[in-house]
Amino acid sequence: MEQNTNSQEDDSMVTNSKEKKRQTWSRPWDFYMSSVGVSIGLGNIWRFPYMCFKYGGGAFLIPYLLTLIVIVFPLMILEVSLSQSVRKGLAASWATIPLFKGISIASAMILFHTNLSYPVILTWVFKYLVSSFSSNLPWMSCDNEWNTEHCVSLWDPEKQYLDETNNASMIPVSNVTNQTGQILGTSSAEEFWNYGVLRISNGLSEIGRLNGELWSAKVIYVTATLPLILIIIVMVRGVTLEGASVGIYYYLKPNMTQLENPEVWIAAATQVLYSSGVCAAAVLTLGSYNNYHHNFIRDVTMIAFSNSFASFVCGFAVFSTLGSMAFRQNLTMNEVVQSGPGLVFIAYPQALAMLPLPQLWNVLFFLTILLLGFDSQFVYVESFCAFFMDSYPRLRNFHKYSREIFFAVCNAGFCLLGIIFVTEGGVYVFEIFNTFGTAGWSVFFVATCEFVAVGWTYGADRHWDEINRMVGYSRIRFVVTLVWKYIGPAICMTISIYYVTAHSPLSYASYVYPPWAQAICHIVATSSAMCIPLYAFYLVVTSRKPWSQLRRKVNTEETKHENIICEEEEML
C-alpha cells in the first residue's frame, strides 16, 4: 500500500483561496487498503473468536452475516459517501447536517475510549511475543514467580494424565481434572495469563499496583503492513492438527436453539460494528481523501467482504486448535476452555505448545496480532487528532511543526490516562470500556442517529442523488435508502433499548460488577451518546436560523459542485 507522504493529513484542511487543496490518495486502491488496515484488526483475531465461542459457534455466524448485510454495509456507504462528497473530515462532514453535528462529537468520544483501551490489548500481545522467544515458554511450566501451589504444568510428569493412546495429553485451561474427574489444580497457561500478565486483583475496587512490565510495552503508536499471510499460516497449521475437525464442526454447525436467545443477535451485531469501524469515524475520515468521482461503493463492498473473510479465517484458526485440545483431552468444546477476552491468550499458547518448535509458532501468532493492531491503532489516533484540527484550525497553524506537536501531546495523554489499564485491577476497567465505550448501546444509538440524519433530516433520496452524481450508481438505491429510513434506525434503536433495559449485568469470569460499577459503565456509554441530543438542543436554543437551514447547510450543494470542478481540473 502506497500513498502520499501526508496522505493521512489532518482533516482540518478547510478549503479556501489561501489554503492548499485537500490531499487525496495517490492511487485508486489506497483507500481500500487503508480501510482494510483499520477494519481488519484485533476485532477479527481477538474479539470475534471468543464472541463466537461464547454464543454457540456456528449459530453466531448467522446473525453476524445478516447484520453485516442489512446494517453495516448500508452504514458504510452512508459514511464514506458523506465525507467523499464534501471532501472534508469528521466535523465538517456532519456539519452539512447542522442539527446532527453532534454525531461528530460522539464519534470522537468513541475514538477517545478506543485510544485508551485498544493499546492495552497490544501490551498483552507484546508481553506474549517477548515471552515466546524464551527457551522454555513460561505458560508451559509452574516454575515461575507468579505460580501458585495449585498450578499444574502442561508437561509435569507427576500431574499429567494419559489419554486412550497412552500419550501425554494437554490439560484443560481452567480447573484441571484427570480422567476420573478429580480436580488437580489450575493450568500453567491460565496462571500465566492471570498472574504473569494481568497480575489480576480480586475486583474493580482493588485497582492495586502498576504492572511495570505492561507499562513499558505501551509504545505501540507505529504502523505496519497487513499480515494476512501470517493468519493463513497459523490457520493452515491449526486445521492440520489431530482432532481439529472437532472444533471446525462446532464452528460451522449452528446450534439453532441459540438463535432463540436475543443476546446472540445483540452480540453478533455488536461484533460487526466493532470490527468494521463504523460510527468511530475511521472509515469516514479515510473516505474524505477520495477523489469526488471515486467508486467507493466497489471499495465498501470489498472492505465488508475482506473484514468478514478475515474473521472467518481467524475463527478457523482458533476453533481448529481448540478442537484438537478437546480431542486430546476427551472433553467437549464447552469444557475445554472458558470464553472471555483471555481466550486467545490462554487457549492458543497452550495449543501451540503441542507443536514442534512451539516458540516459532507462538512468535508467528502474536506477531500477527501485534501487526494487525498497529494498523488499526494508527488510524484511530489519526482520526481523533484530525477531528480537533478540523474543528480548531489554529491547532495546525501555531507552529512550524504544529501537527507533530499536537499528535505527540495526544499520544502522551493517552499513555498517561491509560496507566489505570495496566494495574492489577486494570482488566476490570478494560472490560468497562471494551463493552460500553467502544461498543454497546452507545454505538447503536450513534448508528441510529446517523440513519435518521441522512435518511430523514437531510433526505435519503437527496443524498442518493449526490451519490449518483459521484459514481453514477443506482442499482441498489431502493434497498439502501430503505435501510437508511426504516430498517436501520428501527433495528439499531431496538438494540440500544435492549442494552439499557434487559441486557445481563457486566461480568468478568466469575466476578459480577457491583451496582456502582454498572453505573460507571453507563456513564462511559452516555459520554458519547448524549453529545448528539445535547448539541442539537444547544443549536436549536442559540441559533436564529430557520429550521430548513438547521436540517441542511444552504451552501452544501455549492461546495459539492466546487469539488466537481476541482476534480475536472485534476483530470486535466
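Criteria and thresholds
Counting restarts for each chain, with residues numbered from 1 along the sequence as it is written. For a predicted model such as this one, the threshold for reporting local features is a pLDDT of at least 70, and the threshold for listing and counting side-chain atom pairs is 80 or more; totals across whole chains, interfaces and linings nevertheless cover every residue. Side-chain calculation: all heavy atoms of the structure are included, whereas hydrogens and water are not. UniProt positions are given in the numbering used here, feature names are shortened, and annotations may be inferred rather than shown by experiment. Under the DSSP-based scheme used, a helix requires at least four consecutive residues in state H or I and a strand at least two consecutive residues in state E, with every element numbered from the N terminus. By the convention used here, residues are in contact when the closest approach between their heavy atoms is within 4.5 Å. What sets the accessible areas is the Shrake-Rupley method with a 1.4 Å probe; for residues, cover comes only from the shown protein chains. We call a pair of cysteine sulfur atoms a disulfide whenever their separation is within 2.5 Å. Working definition: with a 1.4 Å probe on protein chains only, accessible area under 20% of the residue-type maximum means buried, over 50% means exposed, and in between means partly exposed. The pairing test for Phe, Tyr and Trp rings, Trp by its six-membered ring, is centres within 6.5 Å, and the orientation test on the planes gives stacked under 30 degrees, edge-to-face over 60, and tilted for anything in between. Definition used: whenever NZ (Lys) or CZ (Arg) falls within 6 Å of the ring centre and also within 35 degrees of the ring normal, the charge is taken to sit over that ring. In this text, buried Ala, Val, Leu, Ile, Met, Phe, Trp, Tyr and Cys residues form a nonpolar core when linked through side-chain atoms within 4.5 Å. By this rule, a helix spans an expected 1.5 Å times one less than how many residues it contains. Only one rule defines a salt bridge in this text: a Lys or Arg side-chain nitrogen within 4 Å of an Asp or Glu carboxyl oxygen. As a rule, the C-alpha atoms of each element are fitted with a line to give its axis, helices using only the stretch in contact, and angles between N-to-C directions run from 0 to 180 degrees. Any angle that falls under 35 degrees is termed roughly parallel, while one over 145 is termed roughly antiparallel, one within 65 to 115 roughly perpendicular, and all others oblique. When the near helix sits turned anticlockwise from the far one by under a right angle, the crossing is termed left-handed; a clockwise turn instead gives a right-handed crossing. Only Asp, Glu, Lys and Arg are considered charged, only Ala, Val, Leu, Ile, Met, Phe, Trp, Tyr, Cys and Pro nonpolar, and every remaining residue, Gly among them, polar.

By the naming in an unreviewed UniProt entry, the chain goes by Transporter and is assigned to Clavelina lepadiformis. According to the UniProt record, the Sequence similarities (unreviewed entry) comment for the chain reads "Belongs to the sodium:neurotransmitter symporter (SNF) (TC 2.A.22) family."

Asks: Even after reading the chapter, I still don't get the overall build of the chain, so can you show me in this structure?
Replies: Looking only at helices and strands, one finds 23 helices and 5 strands in the chain. Intrachain contacts of the chain at a sequence separation of at least 6 include 81% that bridge at least 24 residues. Carbon and sulfur atoms make up 61% of the accessible area of the chain, which amounts to about 23,200 Å² in all.

Asks: What is the right way to look at the state of the cysteines in this model?
Replies: In protein chemistry, a disulfide is the covalent bond that joins the sulfur atoms of two cysteines. On inspection of all chains with the given rule, the structure shows 1 disulfide. Disulfide pairing places Cys-142 opposite Cys-151 at an S-S distance of 2.0 Å. Between Cys-142 and Cys-151 the disulfide shows an S-S torsion of about -75 degrees. By sign, it is left-handed. In this structure Cys-151 comes out as buried when scored by relative accessible area, which is 4%. Cys-279 takes part in no disulfide bond, and the closest cysteine sulfur to it belongs to Cys-492, at a distance of 7.3 Å.

Asks: Help me understand the packing of aromatic side chains, please; the structure alone is not making it clear to me.
Replies: How two aromatic rings sit relative to each other is given by the distance of their centres and the angle of their planes. Overall, the coordinates contain 42 aromatic pairs when judged by the stated rule. A centroid spacing of 5.9 Å and a plane angle of 85 degrees characterise the contact between Trp-124 and Phe-345, whose relative ring orientation is edge-to-face. Note that Trp-124 is positioned in helix H5 (residues 102–131) and Phe-345 in helix H14 (residues 343–352), a separation of 221 residues in sequence. Note on Trp-124: relative accessible area 0%, which makes it buried. Here Phe-345 falls in the buried class, since its relative accessible area comes to 1%. An angle of 70 degrees between the planes, with centres 5.3 Å apart, marks the rings of Phe-421 and Phe-433 as edge-to-face. Of the two residues, Phe-421 sits in the loop between helix H16 (402–417) and helix H17 (426–437) while Phe-433 sits in helix H17, which places them 12 residues apart along the sequence. A single burial state applies to Phe-421 and to Phe-433, both of which are buried. Each residue in the set Trp-124, Tyr-128, Trp-139, Trp-146, Phe-192, Trp-193, Phe-345, Phe-366 and Phe-430 is aromatic and connected to the rest through ring pairs, giving one cluster. Sitting over the face of the ring of Tyr-274, Arg-47 holds its NZ or CZ atom 4.5 Å from the ring centroid. Above the plane of the ring of Trp-456 lies Lys-485, whose end atom (NZ or CZ) is 4.8 Å from the centre.

Asks: Explain the nonpolar core here, please?
Replies: Considering soluble globular proteins, one finds that nonpolar side chains tend to be buried as a cluster. Among the nonpolar cores identified, the biggest contains 170 residues, and Trp-46, Trp-94, Trp-124 and Trp-484 are the most heavily contacted of them. Tallying contributions element by element places helix H15 (residues 358–391) first for this core, with 17 residues.

Asks: Help me understand helix H3 (residues 58–86), please; the structure alone is not making it clear to me.
Replies: Residues that lie three or four places apart on an α-helix share one face, since the helix turns once every 3.6 residues. Between the first and last C-alpha of H3 there are 41 Å, a value that for 29 residues agrees with the 42 Å anticipated at 1.5 Å per step. Within H3, 24 of the 29 residues are buried, which leaves it mostly tucked inside the rest of the structure. Where H3 ends, the next residue or the one after it, Arg-87, has phi of about 55 degrees, a positive value.

Asks: Mind showing me how you'd approach the pattern of salt bridges here?
Replies: A side chain of one charge can pair with a side chain of the opposite charge when the charged atoms of the two come close. Taken as a whole, this structure holds 5 salt bridges when the rule is applied. The partner of Glu-382 in a salt bridge is Arg-403, and the shortest N-O contact between them spans 3.2 Å. Taken together, the positions of Glu-382 in helix H15 and Arg-403 in helix H16 put the pair 21 residues apart, joining distant regions of the chain. A single burial state applies to Glu-382 and to Arg-403, both of which are buried. For the salt bridge of Arg-477 with Asp-461, the shortest nitrogen-to-oxygen distance reads 3.8 Å. Within this pair, whereas Arg-477 is found in helix H19 (residues 477–501), its partner Asp-461 is found in helix H18 (residues 441–471), the two being separated by 16 residues in sequence.

Asks: Any chance you could explain unusual backbone geometry here in plain terms?
Replies: When glycine is set aside, most residues are seen to have a negative phi, and most peptide bonds are trans. Of note in the backbone geometry, Arg-199 takes a positive phi value of approximately 50 degrees without being a glycine. Counting through the fold element by element, Arg-199 comes out in the loop between helix H6 (188–197) and helix H7 (212–215). According to the relative accessible area criterion, Arg-199 is partly exposed, its value standing at 29%.

Asks: Looking at this model, I keep getting lost on the packing of H15 against H16. Mind explaining?
Replies: Between two packed helices, the angle of one axis relative to the other and the distance separating the axes together describe the packing. Where H15 meets H16, the axes come as close as 10 Å, and the angle between the chain directions of the two elements is 120 degrees. By the criterion of interaxial angle, the relationship of H15 to H16 is oblique. As H15 runs across H16, the sense of the crossing is right-handed. On H16, the residues touching Val-381, Glu-382, Phe-384, Cys-385, Phe-388 and Met-389 of H15 are Arg-403, Phe-406, Phe-407, Cys-410, Asn-411 and Phe-414. Looking at side-chain class alone, the contact of H15 with H16 contains 9 nonpolar, 1 polar and 2 charged residues.

Asks: What is the right way to read the packing of H17 against helix H20 (residues 515–529) from this model?
Replies: Interaxial distance between H17 and H20 falls to 9 Å at its minimum, and their mutual angle equals 50 degrees. With respect to H20, the axis of H17 lies oblique. The element H17 and its partner H20 pack so that their crossing is right-handed. Contacts from Ile-432, Phe-433, Phe-436 and Gly-437 in H17 reach Ile-520, Cys-521, His-522, Val-524 and Ala-525 in H20. Of the residues assigned to the contact of H17 with H20, the class counts are 7 nonpolar, 2 polar and no charged.

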